[in-house]
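Observations on chain architecture
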Amino acid sequence: MSSSEPHRDHHEDDEPEMLAEEDVDEMLEGEDADGDVAMGSDDEGEEILLQNDSIAYFDSHKDSVFAVAQHPLYPNIIATGGSEGDADDAPGMGYVIDTSAAVSRPVLPPSYNSDPSAADNPQSTELQPLFAIQGHTDSINALTFTLPRGDFLVSGGMDGRLRVHAVSATSSTAQFQFVAESQETEEVNWLAPCPSPDYPNTIALGASDGSVWVFTLDASDPSNPIQIVQSYFLHTGPCTAGTWTADGLLLATVSEDASLHVYDVWGAAAARSLVTDNGQTVISLTDADQRFAVEGGLYSLAISPGGGILAAGGAHGAIRIVGLPRNLSKPQPPQQRQQQQSAAAASAQVGAILAAIAVQSDSIESLAFSPNPSTPLLAAGSVDGSIAVFDAARSFAVRKHLRGAHDGESVVKVDFVRKAAGAAAGWLLTSCGLDGVVRRWDLRGATAGVSQQQQQQQASSGAVAGSSGGGAVSGLVKEWRGHRGGGEGGGVLGFVQGETGERVVTAGDDGLVLVFEA
């Protein structure tokens, strides 16, 4: 989701008939239900203002940074977007920076440093812009590089403009050339690149009027460099989030009108007779179906790596788990006509509501599936400041509920580290929130190497989880501070972390872009 404002519920007295909190606590594995809290102290606000853990910073933005994107081949190339000021008529502005200039911090203790005193006051590198993204008359609130090679940088704004720049990049240089712009809607809410190598340089766009657009970019055709592939008008409210299946064949979107549509963009589902009566979608669910209805709307989406499960999150902490068709990218068997019954059986799972969950108390702002099939986890970040982790292999039972994950401030984004090393693969989760802090969690439970006695001592002493002493009951292994938080003009509105999570680059509501090192 690209919007920076959390979607707080307006009907908190309405109690959906979902899993009760007391039932959830009984399902927590080997942990006290209250053991995942403990985040900071009463004077922590002062600490946030004084502590800066970044190894580099970029401060050319004059107002909030709403969007951040990372080149798929060269993760040191970062694009950021926001507003050029707080005036109503302030234009949008974005920048491209190279984070390779950031100097890593030494991992040895100060006594091993040639200048031990320098370790007490580490310097943060000031980054300079490589390129300015201009031409928007209102804030840039969505950015993406196209897949698979990052040939284009696309910006979407609150002015409805979609602006495209061609990218020529290596590990050490990057050049940008404006290609064209398109304006099909009043306001762009989000952008998502298609991951299919068969349809390169294709993006999807969700708009404030509920429309959804799919474009293919082709700079070799100067008469039509931004080509409309599909346009959909099924949502009746703003389209709040969208994501592709891993094979890039299906596009899922949700809306404030509480509807979910999964589009058969390239016709792969139609070839297997899996589309609905409208001829456009594989799945169309609305609040007319009481099993799916979420009063207050839907705001987040995630699809499992295997593509068979979709999670949609919305108001009141509601999450709906829906079945998707599998293996659309595989060729049809020769005896297709003799297998109509098998196709019908497979389609019975498509669109089925597999689970309805309501563990958290406020809107679900972000959802993420673990990239490792052997650890089928779903993480959900909420406006109530908590992160819930569900086990997909156990009917989405709650594995963890980190109630104090971001000190009661909205969790803006959760994202698994895609290529964590060793036994941590599929278990490391990064999160950011309006408290201005970025955190890294190990969802296996208590941090490896910390005894149960040490964990109890930390909990009883009120020690902040994830401090330099290592490990914590909550599973917090690292946190990074440097952004202002806790109120208007503060908080982390997004981040990127590459494949390995070794460096995290943030977009701050305070106008800062910070680079942190794991």
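Per chain, the residues get numbers from 1 upward, laid out in the order the sequence is written. Two thresholds apply to this predicted model, a pLDDT of at least 70 for residue-level local features and 80 or more for giving and counting side-chain atom pairs, whereas whole-chain, interface and lining totals are computed over all residues. Calculated side-chain values reflect all of the structure's heavy atoms, with hydrogen atoms and water omitted.

Taking an unreviewed UniProt entry as the reference, the chain is identified by name as WD40 repeat-like protein belonging to Parathielavia hyrcaniae.

1. Examining the overall build of the chain
If you tally the helices and strands in the chain, you get 4 helices and 33 strands. The contacts of the chain with a sequence gap of at least 6 include a subset with a gap of at least 24, amounting to 59%. For accessible areas, the Shrake-Rupley method is used with a probe of radius 1.4 Å. Any residue's cover is judged against the shown protein chains and nothing else. Entry remark: accessible area of the chain is about 21,900 Å², with carbon and sulfur atoms responsible for 46%. Elements are defined by DSSP. Helices are runs of H or I of four residues or more, strands are runs of E of two residues or more, and each kind is numbered from the N terminus. Every residue pair with non-hydrogen atoms within 4.5 Å of one another is taken to be in contact.

2. Some points on the sheet that holds strand 11 (residues 188-193)
Should DSSP find at least two bridges between two strands, the strands are regarded as paired. Read from one edge of the open sheet, 4 strands run 11-12-13-14, paired in antiparallel fashion. Each edge of the open sheet carries a strand with a single partner, namely strand 11 and strand 14 (226-232). Strand-to-strand twist across the sheet, computed as the mean angle between neighbouring axes with direction ignored, equals 25°. Direction of pairing for strand 11 relative to strand 12 (residues 202-207): antiparallel, over a ladder of 5 bridges. Bridge pairing in strand 12 places Trp190 opposite Gly206. Whenever a helix is involved, its axis is fitted only over the stretch in contact; in every case the axis is a line through C-alpha atoms, and angles between N-to-C directions fall within 0 to 180 degrees.

3. Points about the confidence of the model for the chain
Put simply, the chain has an average pLDDT of 84, and 78% of its residues get 70 or more. On a range of 0 to 100, pLDDT expresses the predictor's confidence in each residue. Across residues 334-346, where pLDDT falls below 50, the model places 3 contacts with residues more than four positions away in sequence or in other chains. Below a pLDDT of 50 lies the segment residues 446-473, which in the model reaches 33 contacts outside its immediate sequence neighbourhood of four places, other chains included.

4. Here we look at the side chain of Asp509
Within the element layout of this structure, Asp509 appears in the loop between strand 32 (503-508) and strand 33 (513-517). Residues adjacent in sequence count toward polar contacts only when both atoms are side-chain atoms; beyond that, a polar contact is any pair of N or O atoms within 3.5 Å, and within protein one must be able to donate a hydrogen and the other to accept it. Side-chain polar atoms of Asp509 contact the backbone nitrogen of Gly490, separated by 3.4 Å. For Asp509, the residues in contact, after removing those within four places along its chain, are Ser64, Gly489, Gly490, Gly491 and Leu493.

5. Notes on the side chain of Ser196
Structurally, Ser196 is set in the loop between strand 11 and strand 12. The contact partners of Ser196, leaving out residues within four places of it in the chain, are Asp247 and Gly248.

6. Quick look at the UniProt feature "repeat: WD" (unreviewed entry) in the chain
On the UniProt side, "repeat: WD" (unreviewed entry) is annotated at positions that read residues 133-164 here. Annotated as 0% helix and 50% strand, the span residues 133-164 places its first and last C-alpha atoms 10 Å apart. UniProt positions are given in the numbering used here, feature names are shortened, and annotations may be inferred rather than shown by experiment.

7. Points about the nonpolar core
By convention a nonpolar core is built from buried Ala, Val, Leu, Ile, Met, Phe, Trp, Tyr and Cys residues, the set being connected through side-chain atoms within 4.5 Å. Each residue is assigned to one of three classes by its accessible area relative to the maximum for its type, calculated with a 1.4 Å probe on protein chains only: buried under 20%, partly exposed between the two thresholds, exposed over 50%. Membership of the largest hydrophobic core comes to 26 residues, with the highest contact counts inside it found for Leu260, Val262, Ile283 and Leu310. At the level of elements, strand 16 (250-255), strand 17 (260-264), strand 18 (281-285), strand 19 (298-303), strand 20 (309-314) and strand 21 (318-323) are the ones that each hand at least two residues to this core. Those residues in contact with Leu310 that lie beyond four places of it in its chain are Ala252, Leu260, Val262, Leu301, Ala302, Ile303, Arg320, Ile321, Val322 and Leu324. In terms of nonpolar packing, the next biggest core, distinct from the first, is built from 17 residues, Ala302, Leu378, Phe390 and Phe396 among them.

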